[in-house]
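Secondary and tertiary structure notes
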Amino acid sequence: MTLVNLTPEQMVMPLIGGAVIGISVSLLLLLIGRVFGVSGILGGTVFPVKGDTYWRLAAVLGFPVAGLVMAHLMPATMAAETPSDIWVYCLAGVLVGFGTQMGSGCTSGHGVCGISRFSPRSIVATLCFMAAGFATVALLRQLGGL
Amino acid sequence: MKIIIAAFLSAFVFGIGLALGGMTLPSKVIGFLDITGNWDPSLAFVMVGAISVHAVTYRLIMKRPSPILSAKFLVPTRRDIDAKLVVGSIIFGAGWGLGGFCPGPALVALATGQAKVLVFVAAMCGGIVLHRVYAKLTAP
């Protein structure tokens, strides 16, 4: 393993971004009393429950709108490179959709909200998806995909 | 209506945070997961930043009897570790490592209009449907 040398700015920006995320999940909890789990909110728009759908749709819409704003203000943050073949993104999407529903959460619901509550389920879930992410990228590297 | 605006606003702020933190760049995410190669630990700071803020605000907010715009807090209370939690999270992690997107950043990256991002998000919704089918088939 080698370590990328980070400039102070490369450490401060993620900290600021993280703090903004912490504020946003606090905002949702304070205002409407919900945990900000993106996969859970999205799941409730794919399979709507009466009386519990519109706020979810509004949340799902808020993300790309933020993306449009950031593409103007800080284009570098939105210059997503997608070097893999399209079928890789298709498979990755299916795994992310299926896995987050089965595991009741993703990076936001478990990784941020759950860990902040010290929820044992979220701590285990986060360790599992981190480990699987490390293993997958290590495997891709072995196979020459990186 | 207020609840809808609140949800939109929170997600908007969330999306800004994800972009500022670098989570919207799949190459950055894969660099963070690449511990056997050239490891870029910067995204760990996103997690640290988010948890340090919310670990404090969560406890302050939960002192209130109810949220501002709705009747009660709906926070998960389960504490049991089951196979679904573990297996589901592993499947999610594999997809995250493969594409470099988790759900929030993928939705933000829709703004780039890239076909591969659209495919990822559509496939993610497909995965949600697939899970519903699987859950029905395996229900006792």
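That block above? That's the structure.
Reading guide: rules and limits
Residues numbered from 1 in each chain as written. Chains lettered and ligands numbered in written order. Predicted model: local features only at pLDDT ≥ 70, side-chain atom pairs only at ≥ 80, totals over all residues. Helix = DSSP H or I, 4+ residues; strand = E, 2+ residues; numbered from the N terminus. Buried ≥ 20, exposed ≤ 12 C-beta atoms within 10 Å, placed from the backbone. Contact = placed C-beta atoms within 7 Å. Pairing = 2+ DSSP bridges. Expected span 1.5 Å × (residues − 1). Axes fitted to C-alpha atoms, helices over the stretch in contact; angles between N-to-C directions. Parallel < 35°, antiparallel > 145°, perpendicular 65-115°, else oblique. Nonpolar A, V, L, I, M, F, W, Y, C, P; charged D, E, K, R; others polar. Left-handed = near helix turned anticlockwise from the far one by under 90°.

1. Describing the overall build of chain A
On a plain count of helices and strands, chain A comes out with 6 helices and 1 strand. For chain A, the α and β elements follow one another from N to C terminus as β-α-α-α-α-α-α. Its C-alpha atoms give chain A principal-axis dimensions of roughly 50 × 35 × 35 Å. Counting over 146 residues, chain A shows a buried share of 56%. A separation of at least 24 residues holds for 37% of the contacts in chain A among residues at least 6 apart in sequence.

2. Some points on unusual backbone geometry
Residues and elements named next belong to chain A. With phi around 55 degrees, Ser104 is a residue other than glycine that occupies positive phi space. Overall, the presence of 23 C-beta atoms within 10 Å leaves Ser104 in the buried class. Non-glycine residue Phe118 carries a positive phi angle of around 60 degrees.

3. What to know about the interface of chain A and chain B
Listed per partner, the contact involves 102 residues of chain A and 105 residues of chain B. Contributions of two or more residues to the side of chain A that touches chain B are made by β1 (2–3), α1 (8–32), α2 (38–46), α3 (54–73), α4 (86–102), α5 (107–116) and α6 (120–142) of chain A. Per-element accounting of the side of chain A that touches chain B gives the leading share, 22 residues, to α1(A). Bridge count between β1(A) and strand β1 (residues 38–39) of chain B: 2 bridges; the pairing is parallel. Paired with Leu3(A) across the two strands is Trp39(B), which belongs to β1(B).

4. Quick look at α4(A)
Taking 1.5 Å per residue as the helical rise, α4(A) with its 17 residues ought to reach 24 Å, and the 25 Å between its terminal C-alpha atoms agrees with that figure. With 12 of 17 residues buried, α4(A) is to be regarded as a mostly interior element. Of the residues making up α4(A), those classed as buried are Tyr89(A), Ala92(A), Gly93(A), Val94(A), Leu95(A), Val96(A), Gly97(A), Phe98(A), Gly99(A), Thr100(A), Gln101(A) and Met102(A). Buried positions along α4(A) lie against α2 of chain A together with α4 (83–99), α5 (103–109) and α6 (115–138) of chain B. Following α4(A) by one or two positions, Ser104(A) adopts a phi angle in the positive range, close to 55 degrees.

5. A word on the packing of α2(A) against α6(B)
Between α2(A) and α6(B), whose axes approach to 10 Å, the crossing angle comes to 75 degrees. Judged by the angle between their axes, α2(A) and α6(B) are roughly perpendicular. Two secondary-structure elements touch here, α2(A) through Leu42(A), Gly43(A) and Val46(A) and α6(B) through Cys125(B), Ile128(B) and Val129(B). A breakdown of the residues in the contact of α2(A) with α6(B) according to their chemical character gives 5 nonpolar, 1 polar and no charged.

6. Focus: α6(A)
Along an α-helix, residues three or four positions apart point the same way, because every turn accommodates 3.6 residues. Taking 1.5 Å of rise per residue, 23 residues should cover 33 Å, and α6(A) covers 33 Å from first to last C-alpha, within 8% of that figure. For α6(A), the elements touching its buried residues are α5 of chain A together with α2 (26–33) and α4 of chain B. Positive backbone phi, approximately 85 degrees, marks Gly144(A), located one or two places after α6(A).

7. A word on the environment of Leu146(A)
Among the secondary structure elements, Leu146(A) is positioned in the segment after α6. The sequence separation of Leu146(A) and Phe129(A) amounts to 17 residues, and the corresponding C-alpha distance is 20 Å. If we skip the residues at most four places from it in the chain, Leu146(A) touches Leu140(A), Arg141(A), Asp34(B) and Gly37(B).

8. A few points about the packing of α3(A) against helix α1 (residues 2–21) of chain B
The packing of two helices is summarised by the inter-axis angle and the distance between the axes. Two numbers describe how α3(A) lies on α1(B): the axes approach to 7 Å, and their chain directions differ by 35 degrees. At the point where α3(A) passes α1(B), the crossing takes the right-handed sense. Side by side, α3(A) and α1(B) meet where Tyr54(A), Trp55(A), Ala58(A), Ala59(A), Leu61(A), Gly62(A), Phe63(A), Val65(A), Ala66(A), Gly67(A) and Met70(A) of the first sit next to Ile3(B), Ile4(B), Ala7(B), Phe8(B), Ser10(B), Ala11(B), Phe12(B), Gly15(B), Ile16(B) and Ala19(B) of the second.

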